[in-house]
Amino acid sequence: MKALVLETYNTDYQLKDIEKPAAGNGQVLVRIVASGVNPLDLKIKSGSAAHAQQSLPAVLGVDMSGVIETIGRGVTGFKPGDEVYGLVGGIGGLQGTLAEYIAVDARLIALKPENISFREAASLPLALITAWEGLIDRANIRPDQKVLIQGGAGGVGHIAVQLAKAYGSDVYATVASNDADLIYSYNATPIDYNTDVENDCRKFTGSEGFDVIFDTIGGKILEQSFKMVKRYTGHVVSILGWGEHNLAQLSFRGATYSGVFTLHPLISGKGRSHHGQILKKASVLIEMNKIRPRIAIQSYKLETIETAYRAMSANVSREKIVISI
């Protein structure tokens, strides 16, 4: 099969013919139709993702959608011909999705929602699972809550806004002024991050603070979130809480904090079935048109992967870039 192989960090991929994998115990063999490109993929390729190591040479890529070709022993709930999607490899010694085929742990995948394309489905798994783990698993959002998404127009952020709305929360999102219309389209309230965000917080919450703040940016924005969460019952969740932070403001408010590390099941092998369950539940919301990904019109191929990565790196558009296999 054809696959992109990275021989050395921060170099171009090499398009090669490698051995087609077979479905082992608990696995399914998927013919990949599309592979999503995340900022994480750029970090892994450059060697700067200390939290997502992969021994080289390797096939990278974490997200995919495709069609099941064969079923391994012990697999139930899937059959050849099923259209599926998932966050399935590219780290921890697992083959990635920049290839024509992949043998994946069946616990990691779910049936692709019928109302979206393979390209749209491939753009979703990492962002969708990350948003779900933060908002649903950690924060347990509810309809009566005010929820703030820090970075609401980003890859994870725009999914988080829609997910919180799907659960009935009153949703706000910090964005650049030119992304305000996107947030309005989700029936949420944009907050221009170039303004006095803390003052806006007081205005929108009656000086009470947000019930839940979901941070996708980290650094100073995470520490800002500690000051804007509701006293005693408020909860801050971050997907980038990796630095050294002063917890004083959070402690003074008697609020709580959680971190999200979506890649752990891929690296450790533990908790993989939860990823598949998340995607299965999310598929219901997608088929109800409550969640929709933003993908770039331009479609790239394995042969034009470097162009795709440059487009992602340039951040010309916040729309997700997808590789058609």
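Residues numbered from 1 in each chain as written. Predicted model: local features only at pLDDT ≥ 70, side-chain atom pairs only at ≥ 80, totals over all residues. Heavy atoms only, no water.

(A) Structural detail: the overall build of the protein. When you go through the protein residue by residue, the secondary structure sums to 11 helices and 14 strands. For 325 residues, the compact-globule estimate of 2.2 N^0.38 gives 20 Å, and the C-alpha radius of gyration of the protein, at 20 Å, lies within 12% of that figure. With the C-alpha coordinates aligned to their principal axes, the bounding extent of the protein is approximately 60 × 40 × 35 Å. Each of the 325 residues in the protein was classed as buried or not, and the buried ones make up 54%. (Helix = DSSP H or I, 4+ residues; strand = E, 2+ residues; numbered from the N terminus. Rg over C-alpha atoms; globule rule 2.2 N^0.38 Å. Buried < 20%, exposed > 50% of the residue type's maximum accessible area, 1.4 Å probe, protein only.)

(B) Focus on the sheet that holds strand β13 (residues 256-259). Judged by pairing direction, the sheet is parallel, and its 6 strands sit side by side in the order β10-β9-β8-β11-β12-β13 without closing on themselves. The strands lining the two open edges of the sheet, one partner per strand, are β10 (189-192) and β13. Across the sheet, the mean angle separating the axes of adjacent strands is 20 degrees when strand polarity is ignored. Pairing analysis gives 4 bridges linking strand β8 (residues 146-150) to strand β11 (residues 212-215), with the strands arranged parallel. In the strand pairing of β11, Val 147 is matched with Val 212. Sitting on the sheet, helix α3 (residues 125-138) is in contact with β8, β11, β12 (235-238) and β13, with an inclination near 160 degrees to β11. (Pairing = 2+ DSSP bridges. Axes fitted to C-alpha atoms, helices over the stretch in contact; angles between N-to-C directions. Contact = heavy atoms within 4.5 Å.)

(C) Inspection of the side chain of Ser 65 at higher detail. Inspection of the secondary structure puts Ser 65 in strand β4 (residues 63-71). Given the relative accessible area of 0%, Ser 65 is considered buried. One polar contact links the side chain of Ser 65 to the main-chain carbonyl oxygen of Phe 118, over a distance of 2.7 Å. Not counting the four nearest positions on each side in its chain, Ser 65 is found in contact with Ile 32, Val 33, Ala 34, Val 84, Tyr 85, Phe 118, Arg 119, Ala 121 and Ala 122. (Polar contact = N/O pair within 3.5 Å; in protein donor to acceptor, adjacent residues only side chain to side chain.)

(D) Unusual backbone geometry, seen in detail. Leu 56 connects to Pro 57 through a cis peptide bond whose omega is 0 degrees. You can see Pro 57 is positioned in the loop between α1 (39-46) and β4. One non-glycine residue, Asn 10, lies in positive phi territory at about 65 degrees. With respect to the helices, strands and loops of the structure, Asn 10 is situated in the loop between β1 (2-5) and β2 (14-17). For Asn 10, a relative accessible area of 60% gives the class exposed. Positioned with a positive phi, Asn 140 is a non-glycine residue whose angle comes to about 50 degrees. Turning to its location among the elements, Asn 140 is positioned in the loop between α3 and β8. The exposure class assigned to Asn 140 is partly exposed, which follows from its relative accessible area of 48%.

(E) Examining helix α6 (residues 197-205) more closely. All of the buried residues in α6 are Val 197, Asp 200, Cys 201 and Thr 205. The buried residues of α6 occupy an angular sector of 115 degrees when projected down its axis, which confines them to one face. Buried residues along α6 sit in contact with β8, β9 (170-175), β10 and α7 (219-228). Note on α6: the residue one or two positions beyond its end, Gly 206, has a positive phi of about 60 degrees. (Arc of directions from axis to C-beta.)

(F) Highlighting the environment of Gly 26. Summarising the element assignment, Gly 26 is placed in the loop between β2 and β3 (27-37). Excluding residues that lie within four positions of it along the chain, Gly 26 makes contacts with Arg 73, Val 75, Val 104, Asp 105 and Ala 106.

(G) Molecular detail of the nonpolar core. Residues Leu 98, Ile 109, Leu 128, Leu 135 and Ile 149 are the most contacted members of the largest nonpolar core, which totals 89 residues. Take this core: its biggest share by element is 8 residues, from α3. In this view, Leu 128 contacts Tyr 85, Ile 159, Leu 279, Ala 282, Ile 286 and Ile 291; residues no more than four positions away in its chain are not counted. Ile 213, Phe 226, Met 228 and Leu 250 belong to the second-largest nonpolar core, a separate cluster that totals 14 residues. (Core = buried A, V, L, I, M, F, W, Y, C linked by side-chain atoms within 4.5 Å.)

(H) Fine view of the environment of Ile 217. Inspection of the secondary structure puts Ile 217 in the loop between β11 and α7. For the pair Ile 217 and Gly 151, spaced 66 residues apart in sequence, the C-alpha separation works out to 6.5 Å. Every residue in contact with Ile 217, bar those within four places of it in the chain, is listed here: Gln 150, Gly 151 and Leu 240.

(I) Main features of the packing of aromatic side chains. Under the counting rule described, the total for this entry stands at 5 aromatic pairs. Considering the side-chain rings of Tyr 13 and Tyr 309, the 5.6 Å spacing of their centres and the 90 degrees angle between planes classify their relative orientation as edge-to-face. With Tyr 13 in the loop between β1 and β2 and Tyr 309 in helix α11 (residues 305-314), the pair connects residues that are 296 residues apart, well separated along the chain. The burial state of Tyr 13 is the same as that of Tyr 309; both residues are buried. Ring geometry for Phe 226 against Tyr 257: centres 6.1 Å apart, planes inclined by 90 degrees, an arrangement best described as edge-to-face. Taken as a pair, Phe 226 in helix α7 and Tyr 257 in strand β13 lie far apart in primary sequence, 31 residues in all. The class for Phe 226 is buried, based on a relative accessible area of 1%. Judged by its relative accessible area of 32%, Tyr 257 falls in the partly exposed class. Grouping aromatic residues by their ring pairs yields a cluster made of Tyr 172, Phe 204 and Phe 210. The positively charged end of Lys 20 is found above the aromatic ring belonging to Tyr 101, 4.1 Å away from the centroid. (Phe/Tyr/Trp six-rings, centres within 6.5 Å; stacked < 30°, edge-to-face > 60°. Lys NZ or Arg CZ within 6 Å of the ring centre and 35° of its normal.)

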